[in-house]
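Spelled out from the first residue to the last, the chains are:
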There are 2 protein chains.
Amino acid sequence: MSRAKTPEAGGRGEPRGHADKRRAILEAAFRTFARDGYGQSCVREIADEAAVAKPTIYNRLGDKETLFREAMKAAVEHTADRSLSALEPLRTPGDDMRPALEETGLRLLRSHVCQESQALRRLLSAEAPRFPELLEEIQRVGAQRVQDALADRLARLALAKRLETTDVERASEQFLALLTGPMELRSALGTRPVADEELRSVAEAAVDTFLLAYGPRDPG
Amino acid sequence: MSRAKTPEAGGRGEPRGHADKRRAILEAAFRTFARDGYGQSCVREIADEAAVAKPTIYNRLGDKETLFREAMKAAVEHTADRSLSALEPLRTPGDDMRPALEETGLRLLRSHVCQESQALRRLLSAEAPRFPELLEEIQRVGAQRVQDALADRLARLALAKRLETTDVERASEQFLALLTGPMELRSALGTRPVADEELRSVAEAAVDTFLLAYGPRDPG
DNA sequence: CGTACCTTGAACCGGCCGGTTCAAATATTT
DNA sequence: AAATATTTGAACCGGCCGGTTCAAGGTACG
């Protein structure tokens, strides 16, 4: 008899749970920041977009800066999980490495060019000088974690003689570079959607090069 | 009429030439935008930084938006030239391709991580959704031009059987990706300076991989 | 010297924004 | 249902900002 909420949606405003409301605010904040930029966003608009009163925001999340920080932290968890799950195929590669690498590459690219992820990088890049700790944290739980996890996968593959490298950190870094590097121009810095077919082509090219550099040497 | 105040024959180091002043404003604007972001910058501060009165800015450059556009366009010319000149070593490679590629890679990286270039990319990325034409123009005269020029160089090398590829666009794209991709994390999105030794190491790794993928096949 | 153009500083304007206050309305707990 | 906590809308405040105006100097040039 405590957590009983969610009465039928009447004609009036629907009541949301506390956690729900906080999430709604953070999502609205992220959308607004992503659309207008941090400096050009105003709290009133965020409140409107979250269907919430302005004082509510200040009550629950303090000032605009912490609102920004929290919205960014919430967004990165979303996207990082998706990137990590993209590494799954590397856990069970077939007799040929290529399909697993291509599948992983394609899924990494999809996660990389999705709306939310692009906006996150844009905002982070824009405000990085003003929020250095935020940058540090987001890179740690985002890109760095993915790169480390990929290095782990590659290490197991190298151990099983499926790859040829002594420096899995480097291999991981370069695999990601081959994937995401080309997207900067192709996606116009994240402002233009990229067709899945194009992603697949970039992933294939990346895997080609990666395998030529790190693929198993044919025994002579 | 008599539109003759600062004839093109200027260039005197007088108190301040008219053309000089415009440049001073644009440079001050770029510094300020880079430091505070577009939305958080105010014209008054730009005027102070340029040692110029506020109305002078509005007289000569219109409103804040065009000021931003002009400052960005001026900055990209600066940096793109430097990147293009980095391709020079590829014009006269020795008997081994590696040194020329490494020198080019290192110089590209130096240009890529320099203060001005990083700030330019940060600002462009931040405001890309609000200034789509600016994004288009800067990418055209910036990154795209470098990638095309590099593809030209690679084409000549491939023709001379110094490289093995049928798709120089792809090779160019991947070479640049191998160079700049790793810098995102290492330079903390352009907010942290990177030691020259680290640049050299990244360039070497990039060339290693590039040559394994595109290097001349050993005959026999 | 005179004139015609700029630049300068300062003041000004309208407007928006971050953040707070407050009383009324709503939701939640007991 | 009474009591308590929260939300809401609206108004408010101080302040800054983009952009303009204006009078008082420069400065170049005939």
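Thresholds applied
Residues numbered from 1 in each chain as written. Chains lettered and ligands numbered in written order. Predicted model: local features only at pLDDT ≥ 70, side-chain atom pairs only at ≥ 80, totals over all residues. Heavy atoms only, no water. Salt bridge = Lys/Arg side-chain N within 4 Å of Asp/Glu carboxyl O. Helix = DSSP H or I, 4+ residues; strand = E, 2+ residues; numbered from the N terminus. Phe/Tyr/Trp six-rings, centres within 6.5 Å; stacked < 30°, edge-to-face > 60°. Lys NZ or Arg CZ within 6 Å of the ring centre and 35° of its normal. Near = heavy atom within 4 Å. Polar contact = N/O pair within 3.5 Å; in protein donor to acceptor, adjacent residues only side chain to side chain. Nonpolar A, V, L, I, M, F, W, Y, C, P; charged D, E, K, R; others polar. Contact = heavy atoms within 4.5 Å. 1 Å grid on protein atoms, 1.4 Å probe; cavity = no way out; pocket = protein on both sides within 12 Å on 5 of 7 lines; lining within 4 Å. Points joined across faces, edges and corners; volume = space filled by probe spheres on them. Least-squares fit on C-alpha atoms with pLDDT ≥ 70 in both.

## Points about the pattern of salt bridges
Residue and element names in this part refer to chain A.
Here's step 1: Summed over the entire model, instances satisfying the criterion amount to 44 salt bridges over all chains.
Here's step 2: Taking the shortest distance from any N to any O, the salt bridge between R44 and D48 comes out at 3.4 Å. With R44 and D48 both in helix α2 (residues 43-50) and four residues apart, this pair spans about one turn of that helix.
Here's step 3: Here the residues in one salt-bridge network are R31, R35, D36, E45 and E49, joined through shared partners.

## A closer look at the packing of aromatic side chains
Here's step 1: Scanning the model with the defined rule gives 14 aromatic pairs over all chains in all.
Here's step 2: Pairwise contacts between aromatic rings join A:F33, A:Y38, A:F68 and A:F131 into one cluster.
Here's step 3: The ring of B:Y38 carries B:K64 above its face, with NZ or CZ at 4.6 Å from the centroid.

## What about the protein's contact with DNA strand D?
Here's step 1: The immediate surroundings of DNA strand D are formed by 15 residues, with A:T56, B:V43, B:K54, B:Y58 and B:K64 found nearest.
Here's step 2: Each atom of DNA strand D within 4 Å of the protein was assigned to sugar, phosphate or base; sugar and phosphate come to 69%.
Here's step 3: The separation between a phosphate oxygen of DNA strand D and a polar main-chain atom of A:A53 is 3.2 Å.
Here's step 4: Here a phosphate oxygen of DNA strand D and a side-chain polar atom of A:R60 are 3.1 Å apart.
Here's step 5: Looking at the surface near DNA strand D, the elements with two or more residues in it are α3 (54-61) of chain A together with α3 (54-61) of chain B.
Here's step 6: In the surface near DNA strand D, the residues fall into seven nonpolar, two polar and six charged.

## Focus on the side chain of B:T209
Here's step 1: For B:T209, the position within the fold is in helix α10 (residues 196-214).
Here's step 2: Sequence-distant contacts of B:T209, that is, excluding residues within four places in its chain, are made with A:R170, A:Q174, A:T209, A:A213, A:Y214 and B:L178.

## Considering the layout of surface pockets
The method is simple in principle: a probe with the dimensions of a water molecule rolls over the atoms, and the space it marks as empty is what remains.
All names here are of chain A.
Here's step 1: What the second largest pocket holds in volume is close to 520 Å³.
Here's step 2: F30, R31, Q115, E116 and A119 are, among the 23 residues lining the second largest pocket, the residues nearest its centre.
Here's step 3: Listed by contribution, the elements that provide at least two residues to the lining of the second largest pocket are α1 (18-36), α4 (64-85) and α6 (115-127).
Here's step 4: For the lining of the second largest pocket, the element with the most residues is α1, which contributes eight residues.
Here's step 5: For the lining of the second largest pocket, the class distribution of residues is eleven nonpolar, five polar and seven charged.

## Digging into the relation of the copies chain A and chain B
Here's step 1: Of the two same-sequence chains, chain A is brought onto chain B (RMSD 0.1 Å, axial shift 0.0 Å) by a rotation of 180°. Each copy turns onto its partner about a two-fold axis.
Here's step 2: A share of 100% of the interface residues of chain A reappears at the interface of chain B, consistent with the copies meeting face to face through the same patch.

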